[in-house]
Amino acid sequence: MKKKFIIILSLLVFILTAGFAQLTPKFVSPGPEIAKGQAKYLGCAHSAPQKINFNKYWNQVTPENGGKWGAVEGTRGVFNWADLDSAYNYAKNKDRNYSFKMHNLIWGAQQPTWIETLPADVQLAEIKIWFKAVADRYPGLDYIDVVNEPLHAAPSTPGQGNYINALGGSGVTGWDWVITSYQLARFYFPNSKLLINDYNLLNDTAESWKYVKIINLLKDRGLIDGVGNQAHAPEMYGTPIATIKRNLDIMATPELPMFASELDIDGDGAVDQGGVHVVNPVADTIQLNEYKRVFPTIWTHPAIAGITLWGYLPGHWRSAQGAYIAYSDGTERPALIWLRKYVQSFNIVLPVTITSFDALKNNAAVKIIWTASNEVNNNYFGVERSVDGVNFLQLFNVKSDNTNLFSKDYAAMDATPVNGKNFYRIAQTDQSGKKVYSVVKMVDMSKNEKTPLQVYPNPAFTSFTIKADASTNQNRIIDITDLSGKLVKTFTLSTSGIKNISTSDLPNGTYTIRVTNNANYEVTKIVVNK
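The model shown is predicted, which means the values in this text are computed figures rather than measured ones. (Residues numbered from 1 in each chain as written. Predicted model: local features only at pLDDT ≥ 70, side-chain atom pairs only at ≥ 80, totals over all residues. Heavy atoms only, no water.)

K.L.:
Would you mind showing me how to read the overall build of the protein here?
P.N.:
Of regular secondary structure, the protein possesses ten helices and 26 strands. Principal axes of the C-alpha set define a box for the protein whose edges measure 100 × 65 × 40 Å. Out of the 530 residues belonging to the protein, those deemed buried represent 52%. Long-range contacts, defined here as pairs at least 24 residues apart, represent 70% of the contacts in the protein between residues at least 6 apart. (Helix = DSSP H or I, 4+ residues; strand = E, 2+ residues; numbered from the N terminus. Buried < 20%, exposed > 50% of the residue type's maximum accessible area, 1.4 Å probe, protein only. Contact = heavy atoms within 4.5 Å.)

K.L.:
Explain the sheet that holds strand S4 (residues 99-106) to me, please; I cannot follow it from the model alone.
P.N.:
Either a parallel or an antiparallel arrangement is found when strands of a sheet pair, and the pairing is made through backbone hydrogen bonds. Ordered in space as S2-S3-S4-S5-S6-S7-S8-S11, the eight strands form a closed barrel in which the pairing is parallel. Averaged over all neighbouring strand pairs, the angle between strand axes comes to 25°, with direction disregarded. Sheet topology note: the strand S7 (residues 226-229)/strand S8 (residues 258-263) ladder contains three bridges and is parallel. Considered in S8, the bridge of Asn229 is made with Ala260. Along the sheet, helix H5 (residues 176-188) makes contact with S4, strand S5 (143-148) and strand S6 (193-198), crossing S5 at roughly 155°. (Pairing = 2+ DSSP bridges. Axes fitted to C-alpha atoms, helices over the stretch in contact; angles between N-to-C directions.)

K.L.:
Can you walk me through the packing of helix H9 (residues 281-299) against helix H10 (residues 334-345) in this structure?
P.N.:
In a pair of packed helices, the angle between the axes and the distance between the axes together describe the arrangement. At a minimum axis separation of 9 Å, H9 and H10 run at an interaxial angle of 25°. It follows that H9 is roughly parallel to H10 by the angle criterion. The two elements H9 and H10 meet at a crossing, and its hand is right-handed. Where H9 abuts H10, its residues Asp284, Gln287, Leu288, Tyr291, Lys292, Phe295, Pro296 and Trp299 lie against Pro334, Ala335, Trp338, Leu339, Tyr342 and Val343. Partitioned by chemical class, the residues of the contact of H9 with H10 number eleven nonpolar, one polar and two charged. (Parallel < 35°, antiparallel > 145°, perpendicular 65-115°, else oblique. Left-handed = near helix turned anticlockwise from the far one by under 90°. Nonpolar A, V, L, I, M, F, W, Y, C, P; charged D, E, K, R; others polar.)

K.L.:
Quick question: what am I supposed to make of the environment of Ala82 here?
P.N.:
Position of Ala82 among the secondary structure elements: in helix H3 (residues 82-92). Between the C-alpha atom of Ala82 and that of Gly66, which follows or precedes it by 16 residues, the distance is 7.7 Å.

K.L.:
Before we go on, may I ask you to explain the pairing of strand S14 (residues 378-386) in this structure?
P.N.:
Along any regular strand the residues' side chains alternate between the sheet's two faces. Counting buried positions along S14 yields nine of nine residues, so the element is predominantly enclosed. Where S14 and strand S17 (residues 421-430) come together, eight bridges link them in antiparallel fashion. Bridge pairing links Val383 to Ile426 in S17. Where S14 folds back onto strand S15 (residues 393-399) in an antiparallel hairpin, the turn is made up of six residues, including Gly389, whose phi is positive at roughly 80°.

K.L.:
Please explain unusual backbone geometry as it appears in this structure.
P.N.:
Leaving glycine out, the prevailing phi sign among residues is negative, and the prevailing peptide bond configuration is trans. Residue Pro32 is reached from Gly31 by a cis peptide bond, and omega for that bond is 0°. With respect to the element layout, Pro32 can be found in the loop between strand S1 (21-22) and strand S2 (41-46). Non-glycine residue Gln110 carries a positive phi angle of around 50°. You will see that Ala231, though not glycine, has its phi angle at about 60°, which is positive. Structurally, the position occupied by Ala231 is in the loop between S7 and helix H7 (233-236).

K.L.:
Any chance you could explain the confidence of the model for the protein here in plain terms?
P.N.:
Reading fine detail from the predicted coordinates is not recommended where pLDDT is low. Model confidence for the protein is summarised by a mean pLDDT of 88, while 90% of its residues fall at 70 or above. pLDDT under 50 marks residues 1-25. Its contacts with residues more than four places away, or in other chains, come to 19 contacts. (pLDDT = per-residue confidence, 0-100.)

K.L.:
Could you clarify how one ought to interpret a nonpolar patch on the surface in this entry?
P.N.:
Residues Tyr237, Val282 and Ile286 make up a contiguous nonpolar surface patch of about 340 Å² in total accessible area. Mapped onto the elements, Ile286 comes out in helix H9. (Patch = residues over 30% accessible without salt bridge, like charges linked within 9 Å, V, L, I, M, F, W, Y side chains within 5 Å. Areas by Shrake-Rupley, 256 points an atom, 1.4 Å probe, with all protein chains shown as cover. Salt bridge = Lys/Arg side-chain N within 4 Å of Asp/Glu carboxyl O.)

K.L.:
Even after reading the chapter, I still don't get the packing of aromatic side chains, so can you show me in this structure?
P.N.:
Aromatic ring pairs are defined here through the distance separating the ring centres and the angle between the ring planes. Under the defined criterion, the tally for this structure stands at 29 aromatic pairs. Note on Trp69 and Trp130: the rings are 5.5 Å apart at their centroids and 5° apart in plane angle, and the pair reads as stacked. Taken together, the positions of Trp69 in helix H2 (residues 69-72) and Trp130 in helix H4 (residues 120-137) put the pair 61 residues apart, joining distant regions of the chain. For the pair formed by Trp69 and Trp130, the shared burial category is buried. A network of ring pairs unites the aromatic residues Trp69, Phe79, Trp81, Tyr88, Phe100, Trp114, Trp130, Tyr138 and Tyr163 as a single cluster. In this arrangement the basic side chain of Arg96 is found over the ring face of Tyr90, its NZ or CZ atom lying 3.7 Å from the centre. The ring of Phe392 has Arg425 sitting right over it, with the charged end atom 4.1 Å from the ring centre. (Phe/Tyr/Trp six-rings, centres within 6.5 Å; stacked < 30°, edge-to-face > 60°. Lys NZ or Arg CZ within 6 Å of the ring centre and 35° of its normal.)

K.L.:
I tried to follow the pairing of S7 on my own but got confused; where do I start?
P.N.:
Residues Gly226 and Gly228 of S7 are buried on one face, and the alternating residues Val227 and Asn229, pointing to the opposite face, are buried as well. When S6 meets S7, the two strands line up parallel, connected through four bridges. Across the sheet, the residue bridging to Leu195 is Gly226, located in S7. You can see the chain leave S6, run along helix H6 (residues 205-220) and come back into S7, and the turn it takes is right-handed. (Right-handed = clockwise from strand over helix to strand, strands pointing away.)

K.L.:
Which parts of the structure should I look at to understand the sheet that holds strand S22 (residues 476-481)?
P.N.:
The strand order across the open sheet built from four strands is S23-S22-S25-S26, with neighbouring strands paired in antiparallel fashion. On the outer flanks of this sheet lie strand S23 (487-493) and strand S26 (520-528), each paired with one strand and no other. Direction aside, neighbouring strands of the sheet carry axes that sit 20° apart on average.

K.L.:
Would you explain the nonpolar core in this entry?
P.N.:
For soluble globular proteins, nonpolar side chains are generally found buried alongside one another. If you look at the biggest cluster of nonpolar residues, it comprises 94 residues, and the most contacted ones within it are Leu42, Trp58 and Phe295. The leading source of residues in this core is H4, at seven residues. Ile466, Ala468, Val515 and Val528 belong to the second largest nonpolar core, which has 16 residues in total. (Core = buried A, V, L, I, M, F, W, Y, C linked by side-chain atoms within 4.5 Å.)

Shown next as structure tokens:
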């Protein structure tokens, strides 16, 4: 009897000291999905804690941990698909048919430990088995995070996968292992959109430019379809909106769709224990204000095609920081209430649509051209230039035809570009003074310098690219010989200086590549390792 009295008294003390503690019936949102009918999706990570009432809020699915290699194949040859099946089947249910993103194939964390000590050729074989197993089981993958966090978590050491060299290591490009990963992904997932994903980008301009370098290496080879930035709370809190906007613009320069892939915003001080939650107005206000501060900047960016929250209920990876926006009984915190109203009421169609934009070298000048449509309420276009891709100055204004509902071409000429790299963008300004920026285009006005012969990736898997000096106006001959000196392939290299070569009929081994232009030639070697 005494023991029961103590338990009852303890419960009463907890409720009284909580102040605002609530024991409420479970709340179920009537729906529909917040971004239903929008041009952009608003999704959420899917896991056992996060799947409750999922379809009342979200219309895109990413498995939180169920798709990571270490979670699926912790024991070599033994595949546990349970969590990944749950997320995939939920998304592809005929009554929903949400877009689904596989997260992820290659990463330097949560990898199977058994792969770390295998020889490189065996590691590569196991990577191919992993890719094929996913492709065979999930034929309808809309998006795939092929490489996760290449800037911060490469699979390069024990404890991180330790298989980077099996994919080609740094190689000639510095990122050959990434290129090989995407070549494999394009082979095994020809119908999926291939994405890349990383963090600490919205708050770090230097990292954003490094990221763009990797993206462009992949884009040049036709290996990437979209760009993810994680948008976690630590990289946004305290970061000025101008910095977030600038870094989004930088990541948009490759002109690929962008995704905020793991967004969360903290609400420190919130408490939720077993269905009993404590309303903390201070924590709610902090979280709400941060959502209001950063979410519109990301959501309205013209390159952003969708946002995925990295959880919305307790069980969130940042539960200790109160990052959930609903309690375990379903009660919505103010940030979620605001988020629904904002997304459902905000018109994400811009007053003007810039349907195309380019900057082209024109002798000693640069010609800037763009096409716009639906110019209702637009005032003018500002043509801006930067020498570092960060700090832009306006060169001149071009008056908008704000009666145009269809399509109109515009052009401007920069007669005095700097010697070196020139970055251009269009600042579309409406009648209220609000600005929306285009993607950024770069024109290099440096003197032409001969480009040394490059071959990548090296080692090669399904194919490799030869890149020679493009300043010559002559075709060249490519000869490929094996170690015995036998000629196995010969090609003509066009004036573009770029040639992609399949390895389908090249046995594994080392080959010599000779590029000849009249009496001049360059020689390098390639290793084929399929």
